[in-house]
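# Observations on chain architecture
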Amino acid sequence: MNQQPLVTIAVAAYNVEKFIRKGMDFVFAQTYSNVEIILVDDGSTDSTSDICDELKLEHNNLTVIHKKNGGLGSARNTGIEHAHGKYIYFFDVDDAISPDLIEYNVYISEKYKSQLNIFSFHVLNYNDPKDNGEDIVLEERFINDNEILKKVYCDKLLFTKHGNGFVWNKFYLLSFIKDNKLKFGNQKIQQDEPFNMQLYPILKRVYISSKVLYKYFIYSSGNNGTRFLMDKFEIVTEVFYKFINFYNVWEIKDKRVLDYIYNRYWNNIIQSLTSNMIHKDNPMKYSEKINHMKKIIESNEVKRLIKYEANNSQISQSIYYRWIKAKQPKKILRYSRIRIFFGYLKNKLNNFLDN
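The present account deals with the structure reproduced in this document. Source: prediction; values computed, not measured.

## Regarding helix 4 (residues 101-112)
Given a rise of 1.5 Å per residue, 12 residues ought to cover 16 Å, and the 17 Å separating the end C-alpha atoms of helix 4 matches this to within 8%. Where helix 4 ends, the next residue or the one after it, Lys113, has phi of about 55 degrees, a positive value.

## Digging into the pattern of salt bridges
Should the charged atoms of two oppositely charged side chains come close, the side chains can pair. Enumeration over the complete set of coordinates arrives at 16 salt bridges. Among the ionic pairs, Lys156 bridges to Glu139, the shortest N-O distance being 3.5 Å. Residue Lys156 is found in helix 5 (residues 146-157), and its partner Glu139 is found in the loop between strand 7 (134-136) and strand 8 (141-143); the two are separated by 17 residues along the sequence. With relative accessibility at 45%, the residue Glu139 sits in the partly exposed group. Residues Lys255 and Asp259 are paired through a salt bridge, measuring 2.9 Å at the closest nitrogen-oxygen approach. Taken as a pair, Lys255 and Asp259 lie in helix 9 (residues 255-273) at a separation of 4 residues, close to a single helical turn. Taking the relative accessible area as the measure of exposure, Asp259 reaches 18% and is therefore buried. Put simply, Lys151, Asp155, Asp254 and Arg256 are held in one network by salt bridges that share partners.

## Thoughts on the pairing of strand 4 (residues 87-91)
With 5 of 5 residues buried, strand 4 lies mostly within the body of the structure. Here 2 bridges tie strand 4 to strand 9 (residues 170-173), and the two strands are oriented antiparallel to one another. Counterpart to Tyr87 in the pairing with strand 9 is Leu173.

## Observations regarding helix 5
If you check helix 5, its first and last C-alpha atoms are just 14 Å apart, much less than what 12 residues at 1.5 Å a residue would give, namely 16 Å. The set of residues buried in helix 5 consists of Asn146, Leu149, Lys150, Val152, Tyr153, Cys154 and Leu157. The inward-facing, buried residues of helix 5 contact strand 6 (116-125), strand 8, helix 7 (192-199), strand 10 (206-218), helix 8 (232-249) and helix 9. With a side-chain oxygen positioned 2.9 Å from the backbone nitrogen of Glu147, the residue opening helix 5 is Asp145.

About the cut-offs
Here, residues in each chain are numbered from 1, in the same order as that chain's written sequence. Whole-chain, interface and lining totals are the exception, using all residues; otherwise, since this is a predicted model, local features are given only for residues with pLDDT of at least 70 and side-chain atom pairs are given and counted only at 80 or more. As a rule here, side-chain values come from all non-hydrogen atoms in the structure, and water together with hydrogens is ignored. In DSSP terms, a helix is any run of H or I states spanning at least four residues, a strand is any run of E spanning at least two, and both are numbered starting from the N terminus. Under the convention used throughout, the expected extent of a helix is 1.5 Å for every residue step, that is, one less than its residue count. What counts as a salt bridge is simple: a side-chain nitrogen of Lys or Arg found within 4 Å of a carboxyl oxygen of Asp or Glu. Only protein chains enter the accessibility calculation, which uses a 1.4 Å probe; a residue whose area is less than 20% of its type maximum is buried, one above 50% is exposed, and one in between is partly exposed. In short, DSSP must find at least two bridges between two strands for them to pair. We call two residues in contact whenever any of their non-hydrogen atoms come within 4.5 Å of each other. Polar contact is the term for a pair of N or O atoms within 3.5 Å; when the atoms are in protein, one must be able to donate a hydrogen and the other to accept it, and sequence-neighboring residues count only if both atoms are side-chain atoms.

Below is the structure:
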């Protein structure tokens, strides 16, 4: 009889035919043996579904679930619902993990009885062969008091370079998630951080590790951040209010965190007005884009951002601030196109010089 605690590795897959075999190899290569792997195909339209079924024939501890497309959050919730492990880990197949990731986290979790482990990671630009990447190393410590966790979160975790809202550098006690009925949101992007925000106010035992166990690839295209989304403004607004609720529920009372929330939302608003509007997959006509942008600019949320600017210079220093305040969507759209054009020329020139 296996005395090792069972670990569930939950993997969501949607149109990842280019990555899934290599990504799943990292899962199958784990040094810890007592794992169940739940691979959720979220209604893929490429060959991902077929590859999932082929992998199932090759690995007895792999369960494949095919479902209607509902987004990454929905797929991960399916993984939670079908999980039987004592612990659960969420992996993104377009990244890479150390072979001892599960073994190390089980050891830490069993030793410290932690409800959550947070570990360090490596960041690498996938499209730049000259990039050697960098290690993002967290300060090693065990926390068994929520007030101390709040201070560490504000001082150390929130402002981690590249962010710390991810689920892939975290290892969860499954019963903690299920007992507290925690779920991922249904928004198409930015599910990770709102999910983790549900945990922090109620966590009591957290281990933060300096051990680098994950390799996070930054892609120049093809990921969630570069997709066109018709409802992007509504999605980022929903996430903004979740942040505000988190700030109030945990009674953080730290203006640095509030500034982070507003600056993050501001950047998302700018993306909604710029890159999302000029995206090649945007089907809207010019007049429709202008009307869509007007609705965003005239929304109560943007008015709230403009009002908050009085105490936040980062927002007012944005090149778009004056045009948003003056309600001039045409200038925003024109400038966005110019930036894209000169960015294209710059990349062409750099490629020419490199060759």
